[in-house]
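Structural features, examined
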Amino acid sequence: MNSSNTNPLNTGFFGHPKGLQTLFFTEMWERMSYYGMRVLLVLYMTASMQEGGLQLTVAAAGAIYGLYTGSVYFMGLPGGWIADRLIGGQKAIWYGGITIMIGHIILAIPVEGTFFVGLIFVVLGTGLLKPNISAVVGQLYSIEDKRRDAGYAIYYMGINLGAFFAPITVGVLGEQVNWHYGFILAGCGMLFGLMLQLPLANK
């Protein structure tokens, strides 16, 4: 998905390059996965053992949550460097998505010792995927293409849709049925995003 391959007649997705459709739905599923898991984190950590939680104090859970979210944004720096210098944006998105999915699978294992390992995987994967998928959107358009701003607006709609559905799917399932089912559903969301990326993974 290089800007050099883009031309003004590439209007396969609402008048925008066809690749925008793939990135739109990939990001939608990834954000559903990410925000859905975040909805559950503090609730799961503070829930009692009888409720299947970790029974941490609110202060400890808040500190872990803050460290986790801060690490996600910090890891965008090395994630962007790896894409620019080593593997390219498309492969960074692919490997990042796989790492996120593995993290959710680990979180879904009902063993206390695996919880932080799962969080680390999600942090590393998001650091690879998140900054690079936004950059690839821009690469769909040439410098002269006036559709770029509108393309980003459509792309951000995918983010908002994912964030909207996250609490009413992953959050409800995890809180009302089983915490680990919620983490599994978050992993399924990332799996759907990876399936959309599959045709582009080897390019």
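None of the values given here were measured: they were computed from a predicted structure. (Residues numbered from 1 in each chain as written. Predicted model: local features only at pLDDT ≥ 70, side-chain atom pairs only at ≥ 80, totals over all residues. Heavy atoms only, no water.)

**With respect to the pattern of salt bridges**
Counted according to the given criterion, the structure contains 3 salt bridges. In this structure, E27 engages K130 in a salt bridge whose closest nitrogen and oxygen atoms are separated by 2.3 Å. With E27 in helix α1 (residues 19-46) and K130 in helix α5 (residues 115-139), this pair connects stretches of sequence that are 103 residues apart. Taking relative accessible area as the criterion, E27 reaches 0% and is therefore assigned buried. R147 is paired through a salt bridge with D145; the nearest N and O atoms lie 2.7 Å apart. With respect to burial, R147 and D145 carry one shared label: buried. (Salt bridge = Lys/Arg side-chain N within 4 Å of Asp/Glu carboxyl O. Helix = DSSP H or I, 4+ residues; strand = E, 2+ residues; numbered from the N terminus. Buried < 20%, exposed > 50% of the residue type's maximum accessible area, 1.4 Å probe, protein only.)

**Things to note about the packing of helix α4 (residues 89-108) against α5**
Look at α4 against α5: their axes get within 7 Å of each other, and the N-to-C directions meet at 155 degrees. The angle between α4 and α5 places the two elements in the roughly antiparallel class. You can see that α4 and α5 cross each other, and the crossing is left-handed. For the contact of α4 with α5, the residue count by class is 17 nonpolar, 11 polar and no charged. (Axes fitted to C-alpha atoms, helices over the stretch in contact; angles between N-to-C directions. Parallel < 35°, antiparallel > 145°, perpendicular 65-115°, else oblique. Left-handed = near helix turned anticlockwise from the far one by under 90°. Nonpolar A, V, L, I, M, F, W, Y, C, P; charged D, E, K, R; others polar.)

**Structural notes on the packing of aromatic side chains**
The tally for this structure, following the rule as stated, stands at 12 aromatic pairs. Aromatic pair F24 and F25: ring centres 4.9 Å apart, planes at 80 degrees, arrangement edge-to-face. These aromatic residues form a ring-pair network of at least three members: Y44, F115, F116, W179 and F183. (Phe/Tyr/Trp six-rings, centres within 6.5 Å; stacked < 30°, edge-to-face > 60°.)

**Here's the deal with unusual backbone geometry**
The phi dihedral of Q55 falls on the positive side, at around 60 degrees, and the residue is not glycine. By the element assignment, Q55 lies in the loop between α1 and α2 (58-74). Overall, Q55 belongs to the partly exposed group, its relative accessible area being 46%.

**Focus on the nonpolar core**
With 23 residues, the main nonpolar core has M37, L41, Y68, L107, F115, L119 and F183 as its most contacted residues. Of all the elements, α1 adds the most residues to this core, at 7 residues. Contact partners of L107, with chain neighbours within four places excluded, come to M37, F115, G118, L119, V122, H180 and F183. Membership of the second largest hydrophobic core comes to 18 residues, among which are F24, I93, I159 and M190. (Core = buried A, V, L, I, M, F, W, Y, C linked by side-chain atoms within 4.5 Å. Contact = heavy atoms within 4.5 Å.)

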